[in-house]
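Letter by letter, the chains look like this.
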Amino acid sequence: MKYGFPKICIGALLLLPWLCFSQDAPNRDQLRYNQVQQKAAHNSEQRKENIFAQLKTCNVRTIEFDVHAKKAPAGDWLVYHTLADRATNCRLLSDCYQQVIDFHKSEPNHEVITIFWDIDGLGLKGHTKSDFYAQIERTFPAGSVVKPADFLAACPAAATLQESVTKPGCGWPMLKDLRGKFMFVISDGKADFRKAGYDPRNDLVFLVSDYTVPEKINALPDVVFFNMSGANPFAKTARETGFVSRVYWLDQPKYEKAMELGANLLATDYLDPRQFPWTSTTQPDGFPFKTIK
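Presented here is an overview of the structure given in this document. None of the values given here were measured: they were computed from a predicted structure.

**Examining empty space enclosed by the protein**
Phase 1 of the analysis: Under the definition given, this model contains one cavity of 30 Å³ or more.
Phase 2 of the analysis: Each pocket or cavity is described by its volume, and for the largest cavity that value is around 30 Å³.
Phase 3 of the analysis: D29, E111, V112, L175, R179, F287 and F289 together form the lining of the largest cavity.
Phase 4 of the analysis: By residue class, the composition of the lining of the largest cavity is four nonpolar, no polar and three charged.

Here it is, written out as structure tokens:
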């Protein structure tokens with residue numbers, strides 16, 4: 001499927017501007033989440049663009065926060081990369097969330113936004129899993145969070161989360177059903193979530209697998225996101241098996257290779273499409289995803 005301006009646009013731009021929207025655009029929402037690629041922000045708090053700009057101007061739909069419990073206010077988290085690198089464009093997670101919500105209010109029918117977290121200190125007083133979820137629930141609109149349980153409910157024959165996206169007749173949600181919604185994924189810190197008791201039927205977040213070898217792809221049946229650095233060929237294996245791959249630490253050569261492999265979430269530090277046009281997955285009419293062929 002090809003997207004872009006139909007040929008008639010060039011000659012009819014002034015007379016019939018409505019024709020300049022892609023003729024395929026109505027079909028895009030029939031695509032599933034795992035059938036597209038998107039530019040993702042790596043360590044969003046460290047980028048020169050603030051969170052709102054990453055979503056609004058850079059057309060990013062996947063962001064990432066490094067959050068820390070130590071010395072943070074109860075029920076909230078500090079946001080920075082490491083103790084040696086505390087540069088941040090939103091000091092508290094609540095500040096980061098507010099920018100996400102501001103974008104949501106400005107474009108309530110936006111494409112699904114996926115948020116990844118690297119979490120340090122989960123379990124400290126005032127910073128338990130329950131506290132983390134309570135902050136999500138008081139911040140994001142009711143009904144806007146897509147949970148692992150929603151995947152299972154959409155595929156009653158599935159006994160595991162992996163089966164919910166791979167069984168015949170099932171699969172990842174369609175983009176049309178994800179409009180205005182959010183999905184949450186824990187990358188680093190997932191062991192603490194498991195220690196606190198993780199159940200995809202009850203938890204709000206998805207967990208990732210760091211396995212990058214084919215023989216381990218089904219080792220964690222409650223995991224459908226795979227996380228890896230660089231242009232790892234396993235990204236193609238994960239996608240072709242029916243899962244979603246996130247790749248990070250991407251400069252231009254690695255980004256272009258990861259795109260060629262069909263990685264879904266292309267996490268990079270280089271977000272401005274005017275300065276780094278090679279990062280763009282946005283189509284001519286503004287659709288922020290590229291279909292994987």
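**Thoughts on the environment of T82**
Phase 1 of the analysis: Considering the arrangement of structural elements, one finds T82 in the loop between β3 (78-79) and α4 (93-106).
Phase 2 of the analysis: Separated by 15 residues in sequence, T82 and V67 have C-alpha atoms that sit 9.3 Å apart.

**What about unusual backbone geometry?**
Phase 1 of the analysis: Positive phi is not limited to glycine here, since N59 has a value of about 60 degrees.
Phase 2 of the analysis: Tracing the backbone shows N59 in the loop between α3 (51-56) and β2 (62-68).
Phase 3 of the analysis: Judged by its relative accessible area of 16%, N59 falls in the buried class.
Phase 4 of the analysis: With a phi close to 60 degrees, W249 is a non-glycine residue in the positive phi region.
Phase 5 of the analysis: Along the polypeptide, W249 turns up in the loop between β9 (244-248) and α10 (252-261).

**Here we look at the state of the cysteines**
Phase 1 of the analysis: One pass over the structure, following the stated rule, counts two disulfides.
Phase 2 of the analysis: Each disulfide pairs two cysteine sulfurs, and for C90 the partner residue is C96, the sulfurs being separated by 2.0 Å. For the disulfide bridge between C90 and C96, the dihedral angle about the S-S bond is near 90 degrees, and by the sign convention the bridge is right-handed.
Phase 3 of the analysis: Residue classification places C90 among the buried positions, given a relative accessible area of 3%.
Phase 4 of the analysis: Shown here is the disulfide that connects C155 with C170, its sulfur atoms set 2.0 Å apart. Handedness of the C155-C170 disulfide follows from its S-S torsion of about 75 degrees: it is right-handed. Separated by 15 residues along the polypeptide, C155 in the loop between α6 (148-154) and α7 (161-166) and C170 in the loop between α7 and β6 (182-186) bring together distant segments of the chain.
Phase 5 of the analysis: Look at C155 and you get buried, because its relative accessible area is 0%.
Phase 6 of the analysis: Sequence-ordered numbering of the bonded cysteines in the protein gives a disulfide pattern of 1-2, 3-4.
Phase 7 of the analysis: Sulfur of C58: no disulfide; nearest cysteine sulfur belongs to C90 and is 14 Å away.
Phase 8 of the analysis: What makes C58 buried here is its relative accessible area of 3%.

**As for the nonpolar core**
Phase 1 of the analysis: Core analysis: the largest hydrophobic core is formed by 38 residues, its most contacted members being F65, L93, W117, F132, I136, F140 and V205.
Phase 2 of the analysis: When residues of this core are traced back to their parent elements, those giving at least two are α3, β2, α4, β4 (113-120), α5 (129-139) and β6.
Phase 3 of the analysis: Ranked by residues supplied to this core, first place goes to α4 with six residues.
Phase 4 of the analysis: Beyond its immediate stretch of four places on either side in the chain, F65 contacts S44, E45, I51, V79, C90, L93, C96, I115, F116, W117 and D118.
Phase 5 of the analysis: Among the nonpolar cores identified, the runner-up in size contains 36 residues, and V112, A158, M183 and F243 belong to it.

**Things to note about the packing of aromatic side chains**
Phase 1 of the analysis: On inspection of all chains with the given rule, the structure shows 26 aromatic pairs.
Phase 2 of the analysis: Aromatic pair Y255 and W278: ring centres 5.4 Å apart, planes at 80 degrees, arrangement edge-to-face. Here W278 lies in the loop between β10 (265-268) and β11 (290-291) and Y255 lies in helix α10, a separation of 23 residues in the sequence. Assigned by exposure class, Y255 and W278 land together as buried.
Phase 3 of the analysis: Taking NZ or CZ as reference, R86 lies 4.7 Å from the ring centre of Y80, over its face.
Phase 4 of the analysis: Above the plane of the ring of F116 lies R246, whose end atom (NZ or CZ) is 4.8 Å from the centre.

**Topic: the pattern of salt bridges**
Phase 1 of the analysis: Tallying each qualifying case throughout the model produces 13 salt bridges.
Phase 2 of the analysis: Between E111 and R61 there is a salt bridge, with its nearest N and O atoms 3.1 Å apart. Here E111, found in the loop between α4 and β4, pairs with R61, found in the loop between α3 and β2; they are 50 residues apart in sequence, far enough to count as distant. In this pair, the class of E111 matches that of R61, namely buried.
Phase 3 of the analysis: The partner of D272 in a salt bridge is R274, with the nearest N and O atoms 3.1 Å apart.
Phase 4 of the analysis: Residue D272 is classed as buried on the basis of its relative accessible area, which comes to 11%.
Phase 5 of the analysis: Look at R274 and you get exposed, because its relative accessible area is 69%.
Phase 6 of the analysis: One connected set of salt bridges, linked through shared partners, spans R61, E111 and R179.

Parameters and conventions
Residues numbered from 1 in each chain as written. Predicted model: local features only at pLDDT ≥ 70, side-chain atom pairs only at ≥ 80, totals over all residues. Heavy atoms only, no water. 1 Å grid on protein atoms, 1.4 Å probe; cavity = no way out; pocket = protein on both sides within 12 Å on 5 of 7 lines; lining within 4 Å. Points joined across faces, edges and corners; volume = space filled by probe spheres on them. Nonpolar A, V, L, I, M, F, W, Y, C, P; charged D, E, K, R; others polar. Helix = DSSP H or I, 4+ residues; strand = E, 2+ residues; numbered from the N terminus. Buried < 20%, exposed > 50% of the residue type's maximum accessible area, 1.4 Å probe, protein only. Disulfide = S-S within 2.5 Å. Core = buried A, V, L, I, M, F, W, Y, C linked by side-chain atoms within 4.5 Å. Contact = heavy atoms within 4.5 Å. Phe/Tyr/Trp six-rings, centres within 6.5 Å; stacked < 30°, edge-to-face > 60°. Lys NZ or Arg CZ within 6 Å of the ring centre and 35° of its normal. Salt bridge = Lys/Arg side-chain N within 4 Å of Asp/Glu carboxyl O.

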